[in-house]
Amino acid sequence: MKFFRSACATEIDRPSQLRTKRGRLVLLVSMMLWLLIVGIGLSVLWNYESTPGASANPPALWPVESKIQRAPAHDTLVILVHPHCPCTRATIGELAELMAHCQGRLTAYVLFLKPEGFVDDWEKTDLWQSAASIPGVNVMVDDDGAEASRFNSQTSGQTILYDDEGRLMFSGGITASRGHLGDNDGESAIVSLVNKGSAVRTETSVFGCPLFDKNSECRKTKDKQNEY
Amino acid sequence: MNTDLAQSKEVVRQAADIFNEQRQSIYQHTDRMFAALMLIQWLAGIVAAYWISPLSWVGTTSQTHIHVWPALFLGGAISSLPIALALTRPGFASTRYTIAVSQMLLGALLIHLTGGRIETHFHVFGSLAFLSFYRDWRVLIPATLVVAADHFLRGIFWPQSVYGVLSASQWRWVEHAGWVIFEDVFLFIAIKRSVSEMWNIAERTAEIKSFNAGLEHHVNERTAQLVAANRELEREVAERKLAEEQLRQAQKMEAVGKLAGGVAHDFNNLLTIINGHTDLSLRRLKPDDPLYRKLEAIKEAGGRASSLTRQLLAFSRKQMLQPKVLDLNKAIFETNKILQRLIGEDIDLLIGLAPDLGKVKADPSQIEQVLMNLAVNARDAMPSGGKLTIETDNVYLSENYAGHHISVRPGSYIMLAVSDTGCGMDAKTRERIFEPFFTTKEVGKGTGLGLSTVYGIVKQSGGNIWVYSEEGCGTTFKIYLPRVDQPAEEPTTNSEDTNLQMGVETVLLVEDEEMVRKMTREILEESGYQVLEAKHGHEALSIANQHKGPIHLMLSDVVMPQMGGRELAERLVTLRSETKVLYMSGYTDDAIVHHGVLDEGMSFIEKPFTPNALTSKVREVLNL
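None of the values given here were measured: they were computed from a predicted structure.

Quick notes on the rules
Residues numbered from 1 in each chain as written. Chains lettered and ligands numbered in written order. Predicted model: local features only at pLDDT ≥ 70, side-chain atom pairs only at ≥ 80, totals over all residues. Heavy atoms only, no water. Contact = heavy atoms within 4.5 Å. Buried area = accessible area lost by both parts, 1.4 Å probe. Salt bridge = Lys/Arg side-chain N within 4 Å of Asp/Glu carboxyl O. Polar contact = N/O pair within 3.5 Å; in protein donor to acceptor, adjacent residues only side chain to side chain. Helix = DSSP H or I, 4+ residues; strand = E, 2+ residues; numbered from the N terminus. Nonpolar A, V, L, I, M, F, W, Y, C, P; charged D, E, K, R; others polar. Pairing = 2+ DSSP bridges. Axes fitted to C-alpha atoms, helices over the stretch in contact; angles between N-to-C directions. Buried < 20%, exposed > 50% of the residue type's maximum accessible area, 1.4 Å probe, protein only. Expected span 1.5 Å × (residues − 1). pLDDT = per-residue confidence, 0-100. Patch = residues over 30% accessible without salt bridge, like charges linked within 9 Å, V, L, I, M, F, W, Y side chains within 5 Å. Areas by Shrake-Rupley, 256 points an atom, 1.4 Å probe, with all protein chains shown as cover. Lys, Arg positive; Asp, Glu negative; His and termini not counted. Charge placed at Lys NZ, Arg CZ, Asp CG, Glu CD. Right-handed = clockwise from strand over helix to strand, strands pointing away. Core = buried A, V, L, I, M, F, W, Y, C linked by side-chain atoms within 4.5 Å.

1. Topic: the interface of chain B and chain A
The interface of chain B with chain A comprises 57 residues on the first partner and 55 residues on the second. Carbon and sulfur atoms make up 66% of the surface buried where chain B meets chain A, a total of about 4,700 Å² over both sides. Contact with chain A buries area across many residues of chain B, yet Trp 57, His 112 and Trp 158 of chain B alone supply 14% of it, more than any other trio. Across the chain B-chain A interface, the total number found is zero salt bridges. Counting every contact that joins chain B to chain A gives seven residue pairs in polar contact (both at pLDDT 80 or more). Every element with two or more residues in the side of chain B that touches chain A is listed here: helix 1 (2-52), strand 1 (55-58), helix 2 (68-88), helix 3 (93-113), helix 5 (140-157), helix 6 (159-163) and helix 7 (172-284) of chain B. With 10 residues, the top contributor of residues to the side of chain B that touches chain A is helix 3 of chain B. Among the residues forming the side of chain B that touches chain A, the class breakdown is 29 nonpolar, 19 polar and nine charged.

If you want it as structure tokens, here you go:
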């Protein structure tokens, strides 16, 4: 009782200026404007975070020309990564969780794009180190995006799962939004496919930087393939 | 009981004041802390954005990552209002609530900027704890609502970004908000306890303050009482000193008066003989006799000596008075001309007489003497001229006044004030002015008996005299004579017959002083009387027994050894009831004269007397 009484007592000492109508109106308008600006800003940010990149269109069967050694006894996971994409850090983080859930039943390859003419080790970023440190994960350089082109991938973080017979099982991203860690449909689907052989979803949105320049040959090739 | 209740209410009111003051201080302090924190968080967001995602890439080309801009601008926007309010309006509830909302929005932004790291989510819970620093549970409400709204709205519009799935349950936000509320509950309890302790401390502080105030009030009250008591004591000491001084002065005057009176009495006996024999001798000589002029010189000297002894007697209050109810205004008016002549032309005489002035009982001739003596004294104090003011007034001397002036009895008085604008006198002179033979005048210019005489007359008349004087300003004598409610009497004039009053009757003369007795006998016999002479009372009674003829008058001294004159007269009456009695004495305060006033029915002649005065008085008594 004393607590509530004393809490109410604090309202007695409001400075008189607050009691003026004009002061209250100015304060109210300021707060409303502020909330509006902040709300708009946050909406833009959330919208950006939730806007996916271009989805991949990987071949239904493992491309034979790929230089990646597909695992014959269990599923193979391929992730195409732009080494400098900050959003992909979340993808690598989720990969670590995913691999923990699929121990021994999944071989993963993380392919780091290295455009032609770029300096050596341009692709050896912290993402490389992070990916390489995950047990069961192989990191490889994707020179000039050749493998990305083979898997028809355009967005960093594109994750593709093939079964032990080379059949496409899943394609999409393993983050819920752009660069955002946490539970997501893609990761859940892969874990389910690897462990149970089936999943509710086999495709999800992918959030990351575009792997290729807008006018690059790779993109053109892929775009043409899409046209056909 | 009512006092206790009032005190209790006052303590509660003071406690509320202290509590509110303390709480306001906490609000303001926490506002300032949050202002600093907001700034730090904003900068931290920018640093995090630059560190975690400085650039976004499109193939081989890069650009500033879009996260940098919200970190900079959105973070700034979120922080700006609460910082501004915390700096300009610290302590306001609106400031606290804005800060609470901002803090949670900044948390949301930071979580985004750090890629949704689970560690960054602790910002939400840390912020709630920090908000509890306000010790105002209400700030937790907007903070919690922001978290709930964030999850609710994103669950609707961007469900995957917050729940990781595209089709999350519409109540999923409740789970997230629930954990925040979970913390809120504990914070609420902690705040409640903290506020309760604050209230208890405020109450104790108020009680201590109240006690201290009471103590201080008590101390001040006691100090004031002690100061008042000290002042009263000092006043009483001063009054006592004044009273002691007045008493000492009065005792001194009394002693001096007795001495002067005693001397005057003896002188009177001697002067009676000297003046009497001189008169008798002059009667027997012719004016051309060589001894005649010498005897006249002796007579003159005797007269002056008699005057001096009269003044001494006046001072010592031993002179014979003939008091009458008189109007002092009238007495002053009648003396006006004499006074004017006395003070001269250089001095203005101003007279302010109160209308309806009451009456006094005093000897008119003595009052005249008082006025003249004071006027002479004033004149001598103003050798270069000035103003002599004589005023009268009816006054009432209160008990309070009487308490401050020794020998004053409260009652109605007539005030006679005689003021001059003369040289005034210092305190030492003031103390001695009434002493006989004290004078500040040059040798030969004053007898030193003027003011002594005034003092004696006033005192003998039952009054008081006070002097107020300031050097260079002047002096005021204030005489207070008791007021009497009787009509004024007409003055009588005593004219002494210049010739001896003759007679043939038999006079029994009783006087222990032989020389006086012989001289008196000689005067009476020269006037034709038959004189029977006795040295004392017993002899007188014996003569009265043995004398065959009538004894018409007994002329007896009053103060005699063995038997006084009054006792002798009373015993004589039993032997000779027809014998009349005339007393003679140099004393005015004896068996028949009290305070200078003769007892009723008595006949009296004061020594020294002249032969004419004696024979006149004898004749007067015999003729009664």
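From this point, things continue past the structure.
2. Overview of the sheet that holds strand 11 (residues 530-534) of chain B
Residue and element names in this part refer to chain B. Ordered by their spatial adjacency, five strands build an open sheet running 11-10-12-13-16, and the pairing between neighbours is parallel. Among the strands making up the open sheet, the edge pair consists of strand 11 and strand 16 (604-606). With direction set aside, neighbouring strand axes in the sheet form an average angle of 20°. Of the strand pairs in this sheet, strand 12 (residues 553-557) and strand 13 (residues 580-585) are connected by five bridges, and their pairing is parallel. Directly across from Met 554, in strand 13, lies its bridge partner Val 581. Running at roughly 135° to strand 11, helix 15 (residues 537-546) makes contact with strand 10 (506-510) and strand 11 of the sheet. Docked against the sheet, helix 16 (residues 565-575) engages strand 10, strand 12 and strand 13, running at close to 155° with respect to strand 12.

3. Some details on the pattern of salt bridges
All names here are of chain B. Counted according to the given criterion, the structure contains 32 salt bridges over all chains. Note that Arg 379 is salt-bridged to Asp 380, the shortest N-O span being 3.2 Å. You can call Arg 379 partly exposed: its relative accessible area is 29%. Here Glu 533 and Lys 518 are joined by a salt bridge, their closest N and O atoms 3.5 Å apart. Taken together, the residues span a long stretch of sequence, with Glu 533 in strand 11 and Lys 518 in helix 14 (residues 514-526) at a distance of 15 residues. According to the relative accessible area criterion, Glu 533 is buried, its value standing at 15%. Three or more residues are tied together by salt bridges with common partners; here these are Arg 517, Lys 518, Arg 521, Glu 525 and Glu 533.

4. Observations concerning the side chain of Ser 461 of chain B
Residues and elements named next belong to chain B. With respect to the element layout, Ser 461 can be found in the loop between helix 13 (450-460) and strand 8 (464-470). A distance of 2.7 Å separates the side chain of Ser 461 from the backbone oxygen of Ile 457, its partner in a polar contact. When neighbours within four sequence positions are excluded, Ser 461 is seen to be in contact with Lys 361, Ala 362, Leu 481 and Pro 482.

5. Observations regarding helix 3 of chain B
Since one α-helical turn is 3.6 residues long, residues separated by three or four positions face the same way. With 21 residues, helix 3 of chain B extends 30 Å between its outermost C-alpha atoms, agreeing within 8% with the 30 Å of an ideal straight helix rising 1.5 Å per residue. The buried fraction of helix 3 of chain B amounts to 20 of the 21 residues, a majority that puts the element mostly inside the structure.

6. Quick look at the environment of Lys 299 of chain B
All names here are of chain B. Along the chain, Lys 299 turns up in helix 8 (residues 290-315). Judged by relative accessible area, Lys 299 falls into the partly exposed class, the value being 41%. Counting along the chain gives 22 residues from Lys 299 to His 277, while the straight-line C-alpha distance between them is 9.4 Å. Not counting residues up to four positions away in its chain, the partners in contact with Lys 299 are Thr 278, Asp 279 and Leu 282. In this structure the side chain of Lys 299 is engaged in a polar contact, spanning 3.5 Å, whose partner is the side chain of Asp 279.

7. Side note on the confidence of the model for chain A
The predicted model of chain A has a mean per-residue pLDDT of 83, with 85% of residues at 70 or higher. Contacts for the low-pLDDT stretch residues 217-228 of chain A, under 50 throughout, to residues beyond four places or in other chains number 15 contacts.

8. Re a negative patch on the surface
Where like charges cluster on the molecular surface, the negative patch consists of Asp 266, Asp 512, Glu 513 and Glu 514 of chain B. Residue placement: Asp 266 of chain B occurs in helix 7.

9. Observations concerning the pairing of strand 1 (residues 75-81) of chain A
Residue and element names in this part refer to chain A. Across the seven residues that make up strand 1, a large majority, seven, are buried. The two faces of strand 1 match: Asp 75, Leu 77, Ile 79 and Val 81 on one face and Thr 76, Val 78 and Leu 80 on the other face are all buried. Bridge analysis of strand 1 against strand 2 (residues 106-114) gives seven bridges, and the strand direction is parallel. Counted as the bridge partner of Asp 75 is Leu 106 from strand 2. Once the chain exits strand 1 it traverses helix 4 (residues 88-101) before rejoining the sheet at strand 2, and the crossover so formed is right-handed. Direction of pairing for strand 1 relative to strand 4 (residues 158-162): antiparallel, over a ladder of five bridges. Each residue of the ladder has a partner; that of Val 78, found in strand 4, is Ile 160.

10. Comments concerning the environment of Leu 105 of chain B
With respect to the helices, strands and loops of the structure, Leu 105 of chain B is situated in helix 3. What makes Leu 105 of chain B buried here is its relative accessible area of 12%. For the pair Leu 105 of chain B and Ala 143 of chain B, spaced 38 residues apart in the sequence, the C-alpha separation amounts to 8.8 Å. Leaving out residues up to four positions away in the same chain, Leu 105 of chain B has contacts with Trp 34, Val 38 and Leu 42 of chain A together with Ile 78 and Val 146 of chain B.

11. Here's the deal with unusual backbone geometry
In this structure, Pro 608 of chain B follows Lys 607 of chain B across a cis peptide bond, with omega equal to -5°. One non-glycine residue, Asn 152 of chain A, adopts positive backbone phi at about 50°. Structurally, Asn 152 of chain A is set in the loop between helix 6 (146-150) and strand 4. Phi at Gln 562 of chain B is positive, roughly 65°, even though this residue is not glycine. You can see Gln 562 of chain B is positioned in the loop between strand 12 and helix 16.

12. Structural notes on helix 10 (residues 364-381) of chain B
Residues and elements named next belong to chain B. The terminal C-alpha atoms of helix 10 lie 26 Å apart, and with 18 residues this matches the ideal 26 Å at 1.5 Å per residue to within 8%. Along helix 10, the positions that sit buried rather than exposed are Gln 366, Ile 367, Val 370, Leu 371, Met 372, Asn 373, Leu 374, Ala 375, Asn 377, Ala 378 and Ala 381. Elements that come into contact with the buried residues of helix 10 comprise helix 9 (328-343), strand 5 (359-362), strand 6 (386-397), strand 7 (411-420), helix 13 and strand 9 (474-484).

13. Quick word on the confidence of the model for chain B
On average, residues of chain B score 86 in pLDDT, and 92% of them reach the 70 mark or higher. The ipTM value of the predicted complex is 0.76, and its pTM value is 0.53.

14. Comments concerning the nonpolar core
Core analysis: the largest hydrophobic core is formed by 57 residues, its most contacted members being Met 104, Leu 105 and Leu 131 of chain B. Of all the elements in the fold, those that place two or more residues in this core are helix 3 (21-50) of chain A together with helix 1, helix 2, helix 3, helix 4 (122-131), helix 5 and helix 7 of chain B. Ranked by the residues each element gives to this core, the list is headed by helix 1 of chain B, at 13 residues. Excluding its chain neighbours within four sequence positions, the residues that come into contact with Met 104 of chain B are Val 124, Ser 127, Leu 128, Leu 131, Ala 143, Val 146 and Val 147 of chain B. The next biggest cluster of nonpolar side chains, apart from the first, holds 47 residues, and it includes Leu 374, Ile 414, Phe 438 and Ile 465 of chain B.

15. Focus on a nonpolar patch on the surface
There is a patch of nonpolar side chains on the surface, built from Leu 25, Val 29, Leu 33, Leu 36, Ile 37, Ile 40 and Val 44 of chain A and spanning about 670 Å² of accessible area. Position of Leu 36 of chain A relative to the elements: it lies in helix 3.

16. Observations concerning the sheet that holds strand 4 of chain A
Residue and element names in this part refer to chain A. With mixed pairing, five strands are arranged side by side in an open sheet as 3-2-1-4-5. Strands with a single pairing partner mark the edges of an open sheet, and in this sheet they are strand 3 (137-143) and strand 5 (168-172). Mean inter-strand twist for the sheet, computed between neighbouring axes without regard to direction, equals 20°. Where helix 7 (residues 185-196) meets the sheet, its contacts fall on strand 1, strand 2, strand 4 and strand 5, and the angle it forms with strand 5 comes to roughly 170°.

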